[in-house]
Amino acid sequence: MSRRRTCALVLSLLLLVLGGAGQARAVGYRYWSFWDLTGGKWTYATQGPSTARPSDGDVQGFRFAVSADSQDASKPRGHADFASICAKTPARAGHKRVALVIDSGTTADAPGGETPPAPRTVCARVPADATTAEALATVAKPLRYDTNALLCAIAGYPGTGCGEQVATSRTTPPTTAKANADADADAEDNGKDNADATSEPARHGPSLGLLAGVVAVAALGGAAVWQTRRRRP
């Protein structure tokens, strides 16, 4: 085997190892993410909807999509402001008004066989101490939760599934949508329909399999070059 052919073989094997690792990591989770509108911009919520207690005049959003983490998550679409969303909902003593944006996402992110409803806005008027989850429950039933108190469906969408892992075209490290569910479950002991649909997913470095593959390819290449040199007259 010539040195040129040896190098080509080693390079091909290395590309196969790296390419396979990239495909294995191209995964995400299909779930409802939770957002706050701050200064006219959507920011990923730092609390789950069952622990967040918005103030009168706040705007919050939910977006259904496939994403890997909070940096990758899709934001609610369309224009949103409290004045327009709650214009027809008068204030009431002892209550607050919370503007909610509910974006069910795109067909590409929908579970198989389901069609996402059009994005909509709604004004929830709730008691002053209500959580976001309680506000959502007044205007977007039916809500669906899993056994870990993870928000699975808003207004019945989607009809099946809950935070399931799906393959994507991205090479983003895997994550989970359930990181904060247990904390919210502990915070809510009254059995109401509250849940945490957000998380800050864990990030991972190169896998042991990838590193082992690279080392193996390097070793194979070194051995092949040594054999080539040994056979020379």
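Reading the values: rules and limits
- Residues numbered from 1 in each chain as written.
- Predicted model: local features only at pLDDT ≥ 70, side-chain atom pairs only at ≥ 80, totals over all residues.
- Heavy atoms only, no water.
- Core = buried A, V, L, I, M, F, W, Y, C linked by side-chain atoms within 4.5 Å.
- Buried < 20%, exposed > 50% of the residue type's maximum accessible area, 1.4 Å probe, protein only.
- Helix = DSSP H or I, 4+ residues; strand = E, 2+ residues; numbered from the N terminus.
- Contact = heavy atoms within 4.5 Å.
- Phe/Tyr/Trp six-rings, centres within 6.5 Å; stacked < 30°, edge-to-face > 60°.
- Disulfide = S-S within 2.5 Å.
- Salt bridge = Lys/Arg side-chain N within 4 Å of Asp/Glu carboxyl O.
- pLDDT = per-residue confidence, 0-100.
- Polar contact = N/O pair within 3.5 Å; in protein donor to acceptor, adjacent residues only side chain to side chain.

**Q** Describe the nonpolar core, listing the residues and the values that go with them.
**A** Counting 22 residues, the largest nonpolar core has Trp-32, Phe-62, Leu-100, Ile-102, Leu-136 and Ile-154 as its most contacted members. Contributions of two or more residues to this core are made by strand E1 (27-38), strand E3 (59-67), strand E4 (95-103), strand E5 (120-127) and helix H3 (132-139). Discounting chain neighbours no more than four positions away, the residues touching Ile-102 are Trp-32, Phe-62, Pro-119, Arg-120, Val-122, Leu-136, Ala-140 and Ile-154. Of all hydrophobic cores here, the second largest spans 14 residues; its members include Trp-42, Val-59, Phe-82 and Ile-85.

**Q** Please provide a residue-by-residue account of the packing of aromatic side chains, values included.
**A** With the rule as written, the count across this model stands at four aromatic pairs. Seen from their ring centres, Trp-32 and Phe-64 are 5.4 Å apart, and the 55° between their planes marks the pair as tilted. Remark: Phe-64 occurs in strand E3 and Trp-32 occurs in strand E1; sequence separation between them is 32 residues. For the pair formed by Trp-32 and Phe-64, the shared burial category is buried. Aromatic pair Phe-34 and Phe-62: ring centres 5.0 Å apart, planes at 20°, arrangement stacked. With Phe-34 in strand E1 and Phe-62 in strand E3, this pair connects stretches of sequence that are 28 residues apart.

**Q** Pulling in residues and values, what's your account of the state of the cysteines?
**A** Applying the stated criterion to the full structure yields two disulfides. The side chain of Cys-86 participates in a disulfide bridge whose partner is Cys-123; the two sulfur atoms lie 2.0 Å from each other. On the sign convention where negative means left-handed, the S-S torsion of about 100° between Cys-86 and Cys-123 marks this disulfide as right-handed. Of this pair, Cys-86 sits in the loop between helix H2 (82-85) and E4 while Cys-123 sits in strand E5; the two residues are 37 residues apart in sequence, bridging distant segments of the chain.

**Q** Tell me about H3, and please be specific about residues and values.
**A** For H3, the buried fraction is high: six of the eight residues fall into the buried class. Packed against the buried residues of H3 are E1, E3, E4, E5 and strand E7 (151-153).

**Q** Describe the pattern of salt bridges, naming the residues involved and giving the relevant values.
**A** What the rule picks out here adds up to four salt bridges. The salt bridge involving Arg-97 is made with Asp-56; its shortest N-O contact spans 3.8 Å. With Arg-97 in strand E4 and Asp-56 in the loop between strand E2 (41-44) and E3, this pair connects stretches of sequence that are 41 residues apart. The class for Asp-56 is partly exposed, based on a relative accessible area of 44%. A salt bridge links Asp-103 to Arg-63; its shortest N-O distance comes to 3.7 Å. One end of the pair, Asp-103, is in strand E4; the other, Arg-63, is in strand E3, with 40 residues separating them in the sequence. For the residue pair Asp-103 and Arg-63, the accessibility class agrees, reading buried in each case.

**Q** So what about the confidence of the model for the protein? Which residues, and what values?
**A** Confidence in the prediction of the protein, expressed as mean pLDDT, is 75, and 61% of residues score 70 or more. Segment residues 13-24 is flagged for pLDDT under 50; beyond a separation of four residues in sequence, or across chains, it makes twelve contacts in the model.

**Q** I'd love a proper account of unusual backbone geometry, names of residues and values included.
**A** Backbone torsion omega between Lys-141 and Pro-142 reads 0°, so that peptide bond is classified as cis. Within the secondary structure, Pro-142 sits in the loop between H3 and strand E6 (144-145). Omega for the bond connecting Tyr-157 with Pro-158 falls within 30 degrees of zero, at -10°, which places this linkage in the cis form. Inspection of the secondary structure assignment puts Pro-158 in the loop between E7 and strand E8 (165-167). Even without glycine at this site, Ala-149 takes up a positive phi of about 65°. Looking at the secondary structure, you find Ala-149 in the loop between E6 and E7. Looking at Ala-149, the relative accessible area reads 15%, which means it is buried.

**Q** Can you break down the environment of Arg-125 residue by residue, with the values?
**A** With respect to the element layout, Arg-125 can be found in strand E5. When its relative accessible area of 29% is taken as the criterion, Arg-125 is described as partly exposed. Once residues lying within four places of it in the same chain are set aside, the contact partners of Arg-125 are Thr-89, Pro-90, Arg-92, His-95, Lys-96 and Arg-97. Within the structure, the side chain of Arg-125 is placed 2.8 Å from the backbone oxygen of Pro-90, a separation counted as a polar contact.

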